[in-house]
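Observations on the three-dimensional arrangement
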Amino acid sequence: MWRSVHPIGVAGASAGAVAAALLNKSFSSSTIGADGRAIETSFLRVAHASSDSGSTGGAFNHKIPSPPALFSHELPIDSLFDDPSPANGKWDNNWDKRDPEYIRAQMNHSRRDSGGDSERELVKPTASRRIILIRHGQYNTSARCDVERVLTDLGHEQANATAAHLHGALSGSAPSLLIHSTMTRAVQTFKPFQQQFSDIEKKSCDLLREGAPYPPDPPSKTYRPQYHQFYTDGARIEAGFRQYFQRADVDQKTDSVEIIVCHANVIRYFVCRALQLPPSAWLRISLAHCSLTVLDIRPNGRVSLRSLGDTGHLAKNLTTYH
């Protein structure tokens, strides 16, 4: 069964609504299209509109500089972007807002407001979630648009080898869900997984498209997007993190495995967020094509990184970065 997840209309809380909430704005499905470019255009419009009032509100609660400064790479990072990692460096157990104590307190507060006197029983999750993040295969970097940025022959070999490896490695614990970015190189990388895991639920997601997630620290001399790209892409990629990273629901009785095929910037940002590290550190990590990054989310909400950019399943001649 296939499902396509776009910014509006995701099951449960809309991931597009999450991204919109980050800018303290509301969008309708007619405002945001089904591709990443439409999202960027909508958020960019908010960024420029907010500069008139001096504040965006919501999570990005900082004064927006005048348009010339918005595109300056000398602009201090924290003048536009909040760091979601804990300020004191200690683990935030309610990072996904699903800590059982937090949920019970919210429910009991609502019951008291409505005149109820019974206390909600504390119910805790019992299952773990394993998320396997896979960077796409090598692709044509000289192309000017996404549809032309297709996998090279080597990229197809990398994708085939990775899908075959995971099919064997997960033979005793088949994944419950396979997800891929809607960009061409990710779609092509995903095809062997579709064949290897033919009976598993699959879906595509625009939130996983490549982008500029957060201004890196230290700054890069070669990677220098304009600041509005961080501002718009960052909200979308953060929405993707919140869509797929949380502890298991209490109704989930068995451990699960999910595979996500997407992009290097997205994966590196997800790793920093999941481990509650400064998101500005994402560019310090390097990932090879079709490498495996594995994170476990325990029932108590703790997250462990099992592997980062693992290429042990690839022959030496199949290991590439560019």
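Below or above, wherever it landed, is the structure these notes cover. Values in this document were obtained by computation on a predicted structure and should not be read as measured data. (Residues numbered from 1 in each chain as written. Predicted model: local features only at pLDDT ≥ 70, side-chain atom pairs only at ≥ 80, totals over all residues. Heavy atoms only, no water.)

What about the packing of helix α7 (residues 227–244) against helix α8 (residues 264–274)?
Relative orientation of the contacting elements α7 and α8 amounts to 60 degrees, with a least axis distance of 10 Å. Put simply, α7 runs oblique to α8. Of the two possible hands of crossing, α7 and α8 adopt the one that is right-handed. Contacts from Ile-237, Glu-238, Gly-240 and Phe-241 in α7 reach Val-266, Tyr-269, Phe-270, Arg-273 and Ala-274 in α8. For the contact of α7 with α8, the per-class residue count stands at six nonpolar, one polar and two charged. (Axes fitted to C-alpha atoms, helices over the stretch in contact; angles between N-to-C directions. Helix = DSSP H or I, 4+ residues; strand = E, 2+ residues; numbered from the N terminus. Parallel < 35°, antiparallel > 145°, perpendicular 65-115°, else oblique. Left-handed = near helix turned anticlockwise from the far one by under 90°. Contact = heavy atoms within 4.5 Å. Nonpolar A, V, L, I, M, F, W, Y, C, P; charged D, E, K, R; others polar.)

Observations concerning the packing of helix α5 (residues 153–169) against helix α6 (residues 184–196)
One way to put it is that α5 packs onto α6 with a least axis distance of 8 Å and a crossing angle of 30 degrees. Here α5 and α6 pass one another in a crossing that is right-handed. Residues His-156, Ala-159, Asn-160, Thr-162, Ala-163, Ala-164, Leu-166 and His-167 of α5 pack against Gln-188, Thr-189, Pro-192, Phe-193 and Gln-196 of α6.

Some details on the side chain of Gln-246
Mapped onto the elements, Gln-246 comes out in the loop between α7 and β5 (256–262). Judged by relative accessible area, Gln-246 falls into the buried class, the value being 11%. Polar side-chain contacts of Gln-246 include one of 3.1 Å to the backbone oxygen of Arg-242. Other than its neighbours up to four places away in sequence, Gln-246 contacts Trp-95, Asp-96, Arg-98, Arg-129 and Ile-297. (Buried < 20%, exposed > 50% of the residue type's maximum accessible area, 1.4 Å probe, protein only. Polar contact = N/O pair within 3.5 Å; in protein donor to acceptor, adjacent residues only side chain to side chain.)

Worth remembering: the numbers are spatial, not functional.
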